[in-house]
Amino acid sequence: MKKIAARLWRIIRGPMQWRVLWLWHSKFMVGVTGIVRDQDGRVLLLKHRMWPEGRQWGLPTGYANAKETFEDTVVREVREEAGLTVKVCELVHLKSGYQLRVEVAYEALYVSGRIEVASFEILEARWFSPDDLPEGLQESHRQLIGRQRS
């Protein structure tokens, strides 16, 4: 049976192999977060309209689109949610084990622009000192902000 399966696998080659793999394996959404800091070390936080009352403050975050790099997701989300341009730096967090998603987070540096909240999803965007974060900040985001940088 194994020899037959191997022979079939070699015969279908290329795109058909990818289709079979796609059908066979689990599908995941990838949540991408940006820890955006300015030249003074302040961090960009957004007050999210759709998040639970009392826990609405958090970092810019969203789901990666098909064929989009995670770095590009950070750039897009910050631009859409706060109107700012950022440069993505290092990957600082990767977490799996959820049923339908994987989480990643990147450090990012503010490059240009003025905060403009035009997104339906965001109520407010502000810069905060890491030592003076707002009440209602997602605990996981507080940990990302406070982690030791190398």
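Residues numbered from 1 in each chain as written. Predicted model: local features only at pLDDT ≥ 70, side-chain atom pairs only at ≥ 80, totals over all residues. Heavy atoms only, no water.

## Quick look at the overall build of the chain
Part 1 of the argument: On a plain count of helices and strands, the chain comes out with four helices and seven strands.
Part 2 of the argument: Put simply, the chain runs from its N terminus to its C terminus through helices and strands in the order α-α-β-β-β-β-α-β-β-β-α.
Part 3 of the argument: For 150 residues, the compact-globule estimate of 2.2 N^0.38 gives 15 Å, and the C-alpha radius of gyration of the chain, at 19 Å, exceeds that figure by more than 25%.
Part 4 of the argument: Projecting the C-alpha coordinates of the chain onto the three principal axes gives extents of approximately 65 × 35 × 30 Å.
Part 5 of the argument: By the burial criterion, 35% of the 150 residues in the chain qualify as buried.
Part 6 of the argument: Accessible area of the chain: about 10200 Å², with a carbon and sulfur share of 54%.
Part 7 of the argument: Put simply, the chain has 23 plus and 19 minus side-chain charges, and the middle of one group is 14 Å from the middle of the other. (Helix = DSSP H or I, 4+ residues; strand = E, 2+ residues; numbered from the N terminus. Rg over C-alpha atoms; globule rule 2.2 N^0.38 Å. Buried < 20%, exposed > 50% of the residue type's maximum accessible area, 1.4 Å probe, protein only. Areas by Shrake-Rupley, 256 points an atom, 1.4 Å probe, with all protein chains shown as cover. Lys, Arg positive; Asp, Glu negative; His and termini not counted. Charge placed at Lys NZ, Arg CZ, Asp CG, Glu CD.)

## Some points on the side chain of Gln-56
Part 1 of the argument: If you trace the backbone, Gln-56 turns up in the loop between strand E2 (43–48) and strand E3 (57–58).
Part 2 of the argument: By relative accessible area, which is 8% here, Gln-56 ends up buried.
Part 3 of the argument: With residues near it in sequence (within four places) discarded, Gln-56 still touches Leu-46, Lys-47, His-48, Arg-49, Trp-51, Leu-123 and Gly-136. (Contact = heavy atoms within 4.5 Å.)

## A closer look at a nonpolar patch on the surface
Part 1 of the argument: A cluster of nonpolar side chains, namely Trp-9, Met-16, Trp-18, Val-20 and Leu-21, defines an oily patch on the protein surface of about 510 Å² accessible area.
Part 2 of the argument: Counting residues per element, the nonpolar patch draws most heavily on helix H2 (residues 15–24), at four residues.
Part 3 of the argument: Mapped onto the fold, Trp-18 is located in helix H2.
Part 4 of the argument: Owing to a relative accessible area of 65%, Trp-18 belongs among the exposed residues under this scheme. (Patch = residues over 30% accessible without salt bridge, like charges linked within 9 Å, V, L, I, M, F, W, Y side chains within 5 Å. Salt bridge = Lys/Arg side-chain N within 4 Å of Asp/Glu carboxyl O.)

## Comments concerning the packing of aromatic side chains
Part 1 of the argument: One pass over the structure, following the stated rule, counts two aromatic pairs.
Part 2 of the argument: Seen from their ring centres, Trp-57 and Phe-128 are 5.3 Å apart, and the 80° between their planes marks the pair as edge-to-face. Taken as a pair, Trp-57 in strand E3 and Phe-128 in strand E7 (residues 122–128) lie far apart in primary sequence, 71 residues in all. We note that Trp-57, like Phe-128, is buried.
Part 3 of the argument: Taken together, a centroid distance of 5.5 Å and an interplanar angle of 80° make the contact between Tyr-110 and Trp-127 edge-to-face. Placement of Tyr-110 in strand E6 (residues 101–112) and of Trp-127 in strand E7 is noted, with a sequence separation of 17 residues between them.
Part 4 of the argument: Directly above the aromatic system of Phe-120 lies the positively charged group of Arg-49, at a separation of 5.0 Å from the ring centroid.
Part 5 of the argument: Taking NZ or CZ as reference, Arg-101 lies 3.9 Å from the ring centre of Tyr-98, over its face. (Phe/Tyr/Trp six-rings, centres within 6.5 Å; stacked < 30°, edge-to-face > 60°. Lys NZ or Arg CZ within 6 Å of the ring centre and 35° of its normal.)

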